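Secondary and tertiary structure notes
So the chains spell out like this:
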Amino acid sequence: MTDPIRLSRWSEFSPGMIHGVFGPSGAGKTTWLRHIIGLDQVPAQYPKEVAFLSQNPHLIPHDTIRQQVLWFGDPESLLRWAPILDLSETLLDRYPGELSGGQYQRAALLRVLVTERPILVLDEPLSQIEDSRRFTILETLRTYITTVHPDRLIILSSHHWDDLWLVSDTLSLREPGFRSGPHPTATVYRNPPTPGFARLFGYVASIPCPQGGYWLVHPMSLTLESHHGPGITLQGTFQAARVGASVRQWVFHCEEPHIRLRWPGLPALIGTSLPNHIRLVDPPWVPYRLPPTQEEETP
Amino acid sequence: MSRQFARGFALALILLLLLPTLILVAETRFGTLSVLWHQASNRGALVTTLVSGAVSLGLIVALGTPAAWILARLLSDSSQGWIGALLAIPLLLPPLVLGLVLAFLLGPTTPVGSFLGHLGITPTQSLFSLIVAEVYEGFPYFLLTAWAAFRSMPIAYEEEARVLGKSLIDVFRHVTWPMARSGVIVAAAMAWARITGAFGAPIVVAYHPTGLPVAIWIALESYGLPSALALSTILLVVGLPVPIWLNWRRRHDRSH
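What you see is a predicted model; the values in this text were computed from it and never measured. (Residues numbered from 1 in each chain as written. Chains lettered and ligands numbered in written order. Predicted model: local features only at pLDDT ≥ 70, side-chain atom pairs only at ≥ 80, totals over all residues. Heavy atoms only, no water.)

**Some remarks on the overall build of chain A**
If you tally the helices and strands in chain A, you get 11 helices and 14 strands. When burial is assessed residue by residue, chain A has 47% of its 299 residues classed as buried. When contacts within chain A are restricted to residue pairs at least 6 apart in sequence, long-range pairs at least 24 apart make up 66% of them. (Helix = DSSP H or I, 4+ residues; strand = E, 2+ residues; numbered from the N terminus. Buried < 20%, exposed > 50% of the residue type's maximum accessible area, 1.4 Å probe, protein only. Contact = heavy atoms within 4.5 Å.)

Following this line, the structure appears as structure tokens:
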């Protein structure tokens, strides 16, 4: 952290926070992360304050995990991080070729964490890791950055909204030809800048607003009972649709406006009496219409 | 059926390719070998080939390994394509032509030759010129093979170690070398076979001190084919074990 030019690259990211970089695959997240580090320069820059985890990590094939982790960091760090990443003593003594995809990715993350560098740039670090472990790891990273080392920062990219919206304090959005942020995550969540991001955030449909513009519908903001507070009520009929042998969906036909809402779920929860209205709690307002997906267009 | 066919095909191919070697070994009489061994000139040729070959191989590996790494890692793909095409020229240069050019360059009356003479080095017909000829014959083979070995290794292994704080030297020793070693060993084996068999260039610039290939030529001219064939067996024994041993080592390495 000595060179002021280098430091300026990180000035938009505050310490003590997790900074998410979100966008669909192929949106240029990796290119941008490599650029802010300086890996795309000729010759490449390897700033001393940054530890980088590649989206497609390459562990040293002829070293056991323990050997290479100890090459990059000290034994205390290994002891601290290995249990959090659920890497047992047995796994640590294996060669990278003997690990499954998820174990390989956790080992690669361990190798980065033990460097104890102040800026961690993690490119899709959890893509191969199963949900149960993923949230433990994210939660630990959050505690680490907010409580243990508030002088450090983490930049974390993902194309899974679930990875980012609960743990990241700010979000930078990337889509081909579009970039914004970093902004506070709550702000971004209620203001998806494009229909594409609205879908990625989990919004399933839009409803025209009488004053102009549209309200966005999110399955998590729908209630079946009366709800006191800001919101709008939609009249209509419910249907339980089967999409496959085990996958079912809610389908709600609104009478006015003429619109069909569709989201995955278990219609069994509703019981026998299907309500004729739903309430949309405090829907975000956007200036654009969220176009129906292809399956919604087919009758 | 297909596996049996493949086995038969492989056997026929191996027999065809090994035929000259098999004939050579079958035709070699121990008596002839023993007579040849008691001629000081032949023992001298063997020593000359081994000593000059060891020095040449050492020079080729010491210069060629970093050179191959630099070509593979510090140049763009397009410039590597150009350099690969240019390096094919020395690879394909007929050894006799190389010898003539070296004689032209190193002759005692040329600037290079007289400069070397001032340094006390005999520029031609010396161990020095033999080593120069062997290095020139073996170097392109080593460089192109070692270069391909470094290129075939994804740069990400090195980059990720660098970005986690390891120096270039550390990364080369700990990451690059163990992964590229087997390829570099194959390159060294190829260079050794070229060095010990170097004939075209040495016959022009290093008739003396006489190495084994030139000694074979002299034997053929002076004593006829049986002597030449027997000496060839010795050359075979000198040239082949290193490649075969190195190749075996490489497989041994891989299995770990």
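Structure shown, so let's carry the discussion forward.
**Brief notes about the confidence of the model for chain A**
Residues and elements named next belong to chain A. A residue-level look at chain A finds 84% of positions with pLDDT of 70 or above and a mean pLDDT of 83. For chain A, the element scoring lowest by mean pLDDT is helix α11 (residues 294-297), at 50; helix α3 (residues 65-72) scores highest, at 96. Segment residues 1-5: pLDDT under 50, and 2 contacts once partners within four positions in sequence are set aside and those in other chains are kept. (pLDDT = per-residue confidence, 0-100.)

**So, unusual backbone geometry**
Omega for the bond connecting His208(B) with Pro209(B) falls within 30 degrees of zero, at -10°, which places this linkage in the cis form. Tracing the backbone through its elements, the reader meets Pro209(B) in the loop between α10 (200-205) and α11 (212-223). Here Glu116(A), not a glycine, exhibits a phi torsion of approximately 55°, which is positive. Along the polypeptide, Glu116(A) turns up in the loop between α6 (101-113) and β3 (119-123).

**Some words on the interface of chain B and chain A**
Quite often, the size of an interface is put as the accessible area lost when its parts meet. Tallying the contact residues gives 17 residues for chain B and 21 residues for chain A. Summed over both sides, the interface between chain B and chain A buries roughly 1800 Å², with carbon and sulfur atoms accounting for 65% of that surface. Considering only the surface of chain B that becomes buried against chain A, Glu160(B), Val163(B) and Leu164(B) emerge as the three largest contributors, covering 39% of it. Linking chain B to chain A there are 2 salt bridges. Between Glu159(B) and Arg34(A) there is a salt bridge, with the nearest N and O atoms lying 2.8 Å from each other. Elements with a minimum of two residues in the side of chain B that touches chain A: α8 (156-163) and α9 (168-196) of chain B. Residue composition of the side of chain B that touches chain A, grouped by class: 10 nonpolar, 2 polar and 5 charged. (Buried area = accessible area lost by both parts, 1.4 Å probe. Salt bridge = Lys/Arg side-chain N within 4 Å of Asp/Glu carboxyl O. Nonpolar A, V, L, I, M, F, W, Y, C, P; charged D, E, K, R; others polar.)

**Points about the packing of aromatic side chains**
Describing an aromatic ring pair means giving the distance of the ring centres and the angle of the ring planes. According to the stated counting rule, one finds 17 aromatic pairs over all chains in the structure shown. Here the aromatic cluster, defined as three or more aromatic residues joined through ring pairs, consists of Phe22(A), Trp161(A), Trp165(A), Phe178(A), Tyr189(A), Phe197(A), Phe201(A) and Tyr203(A). A cation over an aromatic ring shows up here: Arg174(A) above the ring of Trp32(A), its NZ or CZ 4.0 Å from the ring centre. Directly above the ring of Trp37(B) sits Arg43(B), whose terminal nitrogen or CZ lies 5.9 Å from the centroid. (Phe/Tyr/Trp six-rings, centres within 6.5 Å; stacked < 30°, edge-to-face > 60°. Lys NZ or Arg CZ within 6 Å of the ring centre and 35° of its normal.)

**Overview of the sheet that holds strand β8 (residues 214-217) of chain A**
What holds strands together in a sheet is hydrogen bonding between their backbones, with the strands either parallel or antiparallel. An order of β7-β8-β14 (chain A) is seen for the 3 strands of this open sheet, with the pairing classed as antiparallel. Each edge of the sheet is formed by a strand with only one pairing partner; in this case those strands are β7 (205-208) and β14 (285-286) of chain A. (Pairing = 2+ DSSP bridges.)

**Points about the nonpolar core**
Trp10(A), Leu110(A), Leu122(A), Ile154(A) and Phe201(A) are the most contacted members of the largest nonpolar core, which has 72 residues in total. Among the elements that make up this core, the one with the highest residue count is α6(A) (6 residues). Not counting chain neighbours up to four residues away, the residues in contact with Leu110(A) comprise Val69(A), Leu78(A), Trp81(A), Ala82(A), Leu85(A), Leu87(A) and Leu92(A). With 34 residues, the next largest nonpolar core counts Leu71(B), Ala188(B), Ala230(B) and Leu231(B) among its residues. (Core = buried A, V, L, I, M, F, W, Y, C linked by side-chain atoms within 4.5 Å.)

**A look at helix α12 (residues 225-239) of chain B**
In a regular helix each residue adds 1.5 Å, so 15 residues correspond to 21 Å; α12(B) covers 20 Å between its end C-alpha atoms and thus fits that length. Among the residues of α12(B), Ser227(B), Ala228(B), Ala230(B), Leu231(B), Ser232(B), Thr233(B), Ile234(B), Leu235(B), Val238(B) and Gly239(B) are the ones counted as buried. (Expected span 1.5 Å × (residues − 1).)

**Quick word on the sheet that holds strand β1 (residues 18-22) of chain A**
Residues and elements named next belong to chain A. Read across the open sheet, the 6 strands follow the order β2-β3-β4-β1-β5-β6; overall the sheet is mixed. The sheet is open, and its two borders are formed by β2 (50-53) and β6 (178-184), each paired with just one other strand. Between one strand and the next, the sheet's axes are offset by a mean angle of 15°, whatever the strand orientation. Where β2 and β3 come together, 4 bridges link them in parallel fashion. Its bridge partner being in β3, Phe52 is matched across the sheet by Val121. (Axes fitted to C-alpha atoms, helices over the stretch in contact; angles between N-to-C directions.)

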